[in-house]
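Read off the chains here:
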Amino acid sequence: GTNHVYPQGVTLATLVGGASEALAVLVPLRVRSRVLGVLVLENPRGMRIDPESARFADAIVNYAALLVERVRLTAESESVEALRKADRVKDAVLASVSHDLRTPLTTIRALGAELRADGDERAAMIEQEADRLNRMVGDLLDLSRIRGGAMPVDPKVIAAEDLVCAALQRVAGLRGAARIRPSVPPGAALPVGRFDFVQAMRSLVNLIENALQHSPPDAPVGLDVREEGDEIVFAVADRGAGVAEGERERIFEPFYRGADAQGRSKGTGLGLPIARSLAEAQGGSLRHFPRPGGGTVFELRLPAERAEPPADVS
């Protein structure tokens, strides 16, 4: 009826100074300090554990632990491969369906334009919804291209001012666009970077749209530009509810939709994943952190272009 508990990491061989008897011995199966299970050696009539038997039991424990770990790793590998195959199938289906939706959407919009010309007041809504679906289809196609490594990237020397102006022009028609407050350090010239203009604008526009969705209707949205080391930073700040602890990385997962300023889920959940993927494809990054006073700041970082110093001709 006596139980003996020994310190972690002690083998049976080191504990058995001489012959001893036991009804059962429970030994943890460990691999790299991780307990995978317990090996139970028992005999109701009692066991005589001498040094030779203890060394043999220790060897069994080691092999059993390695076997359990191998089975676990094999199961994990098979699960990961199954998820990868399912992901590839999903991407292929999305790309195919999205491509096939383009033709009927074009027809619907054309019919809406005809109805508007005939004076039908509902035509504007038809065109608006067709445009929204068309953008959604475009996002799905872009996501499939990005994940398949087929999204073209052509970095060139671009002024940050040109990128900001183009992005503001693109979102000018959105509700609340007048609340955007672009700013640069006083007396500082906007820097020049080396990135793909179209893809960088897509990332910045997605961040601005996200900020407008998650800010209260009367709250401004900040757009700051600065240069830090070898990067240009485009910071978009909203004044919404912020990002919950458990959503910090989930918001960059495709189709995950966070709540807006009113607690409702909006959008398709593709804007932020596309923005980050396009940034990384150009050697940049996208991260976020809480805004002092409430809200979230998203920082799009793109490579800066360093001007060569003039040659010394003296």
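See the structure shown above.
Numbering of residues begins from 1 in every chain and follows the order in which that chain's sequence is written. Thresholds applied to this predicted model are a pLDDT of at least 70 for local features of residues and 80 or more for the giving and counting of side-chain atom pairs; totals over whole chains, interfaces and linings are not thresholded and use all residues. Derived side-chain values reflect all non-hydrogen atoms in the structure, with water molecules and hydrogen atoms excluded from consideration.

Draft legend 1. The arrangement of the sheet that holds strand β8 (residues 285-290) in detail. We treat two strands as partners when DSSP finds at least two bridges between them. Secondary structure follows DSSP: runs of H or I at least 4 residues long count as helices, runs of E at least 2 residues long count as strands, and numbering of each begins at the N terminus. Pairing is mixed in the open sheet, where 5 strands are placed in the order β4-β6-β7-β9-β8. Edge positions in the open sheet fall to β4 (180-183) and β8, since each of these has one partner strand only. Pairwise comparison of adjacent strand axes, ignoring direction, gives a mean angle of 20 degrees for this sheet. Relative to strand β9 (residues 296-303), strand β7 (residues 231-237) runs antiparallel, the two sharing 7 bridges. Among the inter-strand pairings, Val 236 is bridged to a residue of β9, identified as Phe 298. We call two residues contacting when some pair of their heavy atoms lies within 4.5 Å. Axis definition: a line fitted to C-alpha atoms, over the contacting stretch in the case of helices. Angles run 0 to 180 degrees between N-to-C directions. Most of the contacts of helix α6 (residues 271-281) go to β8, to which it runs at about 130 degrees, and overall it touches β8 and β9.

Draft legend 2. Representation of the nonpolar core in the model. Among buried residues, those of type Ala, Val, Leu, Ile, Met, Phe, Trp, Tyr and Cys that are joined through side-chain atoms within 4.5 Å constitute a nonpolar core. Three labels apply to residues, based on accessible area from a 1.4 Å probe with only protein chains included: buried if under 20% of the type maximum, exposed if over 50%, partly exposed otherwise in between. Core analysis: the biggest nonpolar cluster contains 35 residues, and Leu 163, Leu 204, Leu 207, Ile 208, Phe 234, Val 236 and Leu 300 have the highest contact counts within it. Of all the secondary structure elements, the ones that give two or more residues to this core are α4 (160-170), α5 (197-214), β6 (221-228), β7, α6 and β9. With 8 residues, the single largest contributor to this core is α5. What Leu 300 contacts, discounting residues up to four positions off in sequence, is Ala 200, Ser 203, Leu 204, Leu 207, Ile 232, Val 233, Phe 234, Ala 279, Ser 285 and Leu 286. Residues Leu 29, Val 31, Ile 49 and Ala 64 belong to the second largest nonpolar core, which totals 13 residues.

Draft legend 3. Expanded view of the packing of aromatic side chains. Ring pairs are drawn from Phe, Tyr and Trp, using the six-membered ring of Trp, whenever the two centres fall within 6.5 Å, and their geometry is named by plane angle: stacked under 30 degrees, edge-to-face over 60, tilted for the rest. Counted by the stated rule, this structure contains 1 aromatic pair. Ring centres 6.5 Å apart and planes at 80 degrees place the aromatic pair Phe 252 and Phe 298 in the edge-to-face group. With Phe 252 in the loop between β7 and α6 and Phe 298 in strand β9, the pair connects residues that are 46 residues apart, well separated along the chain. The burial state of Phe 252 is the same as that of Phe 298; both residues are buried. Positioned above the aromatic ring of Phe 252 is the side chain of Arg 276, whose terminal nitrogen or guanidinium carbon lies 3.7 Å from the ring centre. For a ring to carry a charge above it, either NZ of a lysine or CZ of an arginine must fall within 6 Å of the ring centroid while also lying within 35 degrees of the normal to the ring plane.

Draft legend 4. View of the side chain of Gln 199. Tracing the chain through its elements places Gln 199 in helix α5. Here Gln 199 is in contact with Met 151, Pro 152, Leu 278 and Gln 282, once residues within four sequence places are set aside.

Draft legend 5. The pattern of salt bridges, seen in detail. The term salt bridge refers to a pairing of a side-chain nitrogen on Lys or Arg with a carboxyl oxygen on Asp or Glu at a separation within 4 Å. The full count for this structure, using the stated rule, is 14 salt bridges. In this structure, the salt-bridge partner of Arg 301 is Glu 231, at a minimum N-O distance of 3.0 Å. Of the two residues, Arg 301 is situated in strand β9 and Glu 231 in strand β7; the sequence distance between them amounts to 70 residues. Judged by relative accessible area, Glu 231 falls into the partly exposed class, the value being 23%.

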